[in-house]
Amino acid sequence: MASASFVKLNASSSPWIGQRSFNQRPGSSSRSSAARVSVIRAGSYSEELVQTADPISRTSVSLVKTIASPGRGILAIDESNATCGKRLASIGLDNTEANRQAYRQLLLTTPGLGQYISGSILFEETLFQSTTDGKKMVDCLREQNIVPGIKVDKGLVPLPGSNNESWCQGLDGLASRSAEYYNQGARFAKWRTVVSIPCGPSALAVKEAAWGLARYAAISQDNGLVPIVEPEILLDGDHSIDTTLEVAERVWSEVFYYLAENNVMFEGILLKPSMVTPGADHKEKADPETIAKYTLTMLKRRVPPAVPGIMFLSGGQSEMEATLNLHAMNQSPNPWHVSFSYARALQNSVLKAWQGRPENVEAAQKALLTRAKANSLAQLGKYSAEGESDDAKKGMFVKGYTY
Ligand code: 13P
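No experiment lies behind these values; they were computed from the predicted model shown.

Definitions and limits used
Residues numbered from 1 in each chain as written. Predicted model: local features only at pLDDT ≥ 70, side-chain atom pairs only at ≥ 80, totals over all residues. Heavy atoms only, no water. Salt bridge = Lys/Arg side-chain N within 4 Å of Asp/Glu carboxyl O. Helix = DSSP H or I, 4+ residues; strand = E, 2+ residues; numbered from the N terminus. Buried < 20%, exposed > 50% of the residue type's maximum accessible area, 1.4 Å probe, protein only. Contact = heavy atoms within 4.5 Å. 1 Å grid on protein atoms, 1.4 Å probe; cavity = no way out; pocket = protein on both sides within 12 Å on 5 of 7 lines; lining within 4 Å. Points joined across faces, edges and corners; volume = space filled by probe spheres on them. Nonpolar A, V, L, I, M, F, W, Y, C, P; charged D, E, K, R; others polar. Pairing = 2+ DSSP bridges. pLDDT = per-residue confidence, 0-100. Right-handed = clockwise from strand over helix to strand, strands pointing away.

1. Details of the pattern of salt bridges
Here is step 1: Inspection of every chain in the model, using the stated rule, returns 12 salt bridges.
Here is step 2: A salt bridge links Glu79 to Arg104; the nearest nitrogen and oxygen atoms lie 3.4 Å apart. On the criterion of sequence distance, the pair formed by Glu79 in the loop between strand 1 (73–77) and helix 4 (81–89) and Arg104 in helix 5 (residues 97–108) is long-range, its members being 25 residues apart. When sorted by exposure, Glu79 lands in the same class as Arg104, which is buried.
Here is step 3: Salt bridges here are not isolated pairs; linked through shared partners, they connect Asp78, Lys190, Arg192, Glu230 and Glu232.

Take a look at the structure:
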């Protein structure tokens, strides 16, 4: 664990060297403050993360604010190769690099996507990949003012000593991997760990999830990446919405406890929570207004207003449910930007329209724009479900889903 003094050691390469550190009081010289306080939060990129050069437009706007901008949200396509294989298998395609490339290229070159999408989370393969025409995938994003992001966790493994729960790997070597991702154009990161309600969750699993997220967030910020903090509370189980509320409050309180202990700069993070809903096998469904009420109550109790954005995951909800719930959450002002970072709830109808056929690419891109626009309207609180297709209404929950 870190020593009692948190003085930043690698500031020599900082473009911000000589500037005021994040928690140094205005007007105090660094020498006098160093004599009094030796705590320096965030790192050499703290100003870039929060308030200076946007890497795409090179204007003076904030990176987090670019991602959390009105009417836009995140397209998550960071499935590991194994999970991407499941998506491809659903339309009869083999899990080859060429098929993954064709699918991701289709998504990232959708004309007009940047109007509704502010960031896209990629898997490592895509971050370093080009289109079949030789253009870098990250350049396709930048052209549309979409910030490239990267999944940095290494997936879930069983957590010994717990109730059959899991923990998320990936801290070893994370600093050097993050620096490479930054050089490749990534400006934000994602780390997804999960908490299972039917398994308890045990105190050990919650603590491990929260500590891992906090270490990851500190390392990401130190390497110029805005961390998305994602403790997914799985939909699995027959529990009530009140149980989910209780667990979500417990999980987020631990996450913020450790984020603070690791000196993570709250202004430079984004959250990716699950919505507070009943378990997938609970006897009663909750309507969007109830889900919005519970979810916002939980977040207002646990998330400081310094955090700029809440970007929900869809977690197996149908495309339409995920959009309706987001719409319900934006019916009155919130302390943070409340938006989406969906994978399944943006990709389902795209895959169905595509079927792996080149002649369907245009129709598939149209399907993506339809979903992206619907969620953009939901972010603005102006969505109507009228005319939604039957496919958009189909749930996508899979028990014990892995990502
Ligand atoms: P969905 O739950 O929306 O499929 O995505 C989860 C995720 O973490 C994608 O980055």
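Following the structure, the description resumes.
2. So, the environment of Tyr383
Here is step 1: Within the secondary structure, Tyr383 sits in the loop between helix 14 (361–379) and helix 15 (390–393).
Here is step 2: Accessibility expressed as a relative area gives 7% for Tyr383, which makes it buried.
Here is step 3: Between the alpha carbons of Tyr383 and Ala328 there is a distance of 9.2 Å; along the sequence they are 55 residues apart.
Here is step 4: Among residues more than four places away in sequence, those in contact with Tyr383 are Met320, Thr323, Leu324, His327, Arg371, Ala374, Leu377, Ala378 and Glu388.

3. A closer look at helix 12 (residues 319–329)
Here is step 1: Of all 11 residues in helix 12, 9 are buried; the element is thus mostly enclosed.
Here is step 2: Within helix 12 the residues assigned to the buried category are Glu319, Met320, Ala322, Thr323, Asn325, Leu326, His327, Ala328 and Met329.
Here is step 3: Turning to helix 12, the residues buried within the fold contact helix 11 (288–302), strand 9 (309–312), strand 10 (337–342), helix 13 (344–354), helix 14 and helix 15.

4. Focus: empty space enclosed by the protein
Using a probe with the size of a water molecule, rolled over the atoms, empty space left in the structure can be pinpointed.
Here is step 1: Across all of its chains, the model carries 4 cavities of 30 Å³ or more by this definition.
Here is step 2: One number sums up the size of the largest cavity: a volume of about 120 Å³.
Here is step 3: Tallied by class, the residues present in the lining of the largest cavity amount to 7 nonpolar, 8 polar and 1 charged.

5. Topic: the pairing of strand 3 (residues 147–151)
Here is step 1: In terms of burial, strand 3 is a largely internal element, 5 of the 5 residues being buried.
Here is step 2: Every second residue of strand 3 is oriented toward a common face, with Val147, Gly149 and Lys151 on one face and Pro148 and Ile150 on the other, all of them buried.
Here is step 3: Relative to strand 6 (residues 188–195), strand 3 is paired through 3 bridges, and the arrangement is parallel. Across the sheet, residue Lys151 finds its bridge partner in strand 6, namely Lys190.

6. A word on the confidence of the model for the chain
Here is step 1: Of the residues in the chain, 84% reach a pLDDT of 70 or more, and the chain-wide mean stands at 87.
Here is step 2: With pLDDT under 50 throughout, residues 1–40 is counted as low confidence; its partners more than four residues away or in other chains account for 40 contacts.
Here is step 3: Of the regions scoring below 50 in pLDDT, residues 52–61 engages in 22 contacts with residues more than four places distant in sequence or in other chains.

7. Some details on the pairing of strand 7 (residues 226–233)
Here is step 1: Counting buried positions along strand 7 yields 8 of 8 residues, so the element is predominantly enclosed.
Here is step 2: Both faces of strand 7 are covered, namely the face carrying Val226, Ile228, Glu230 and Glu232 and the face carrying Pro227, Val229, Pro231 and Ile233.
Here is step 3: With 8 bridges joining them, strand 6 and strand 7 adopt parallel strand pairing. Counted as the bridge partner of Ala189 is Pro227 from strand 7.
Here is step 4: Between strand 6 and its parallel partner strand 7, the chain crosses via helix 9 (residues 203–222), and the hand of that crossover is right-handed.
Here is step 5: Two elements, strand 7 and strand 8 (residues 270–271), share 2 bridges in a ladder whose sense is parallel. Within the sheet, the bridge partner assigned to Ile228 lies in strand 8 and is Leu270.

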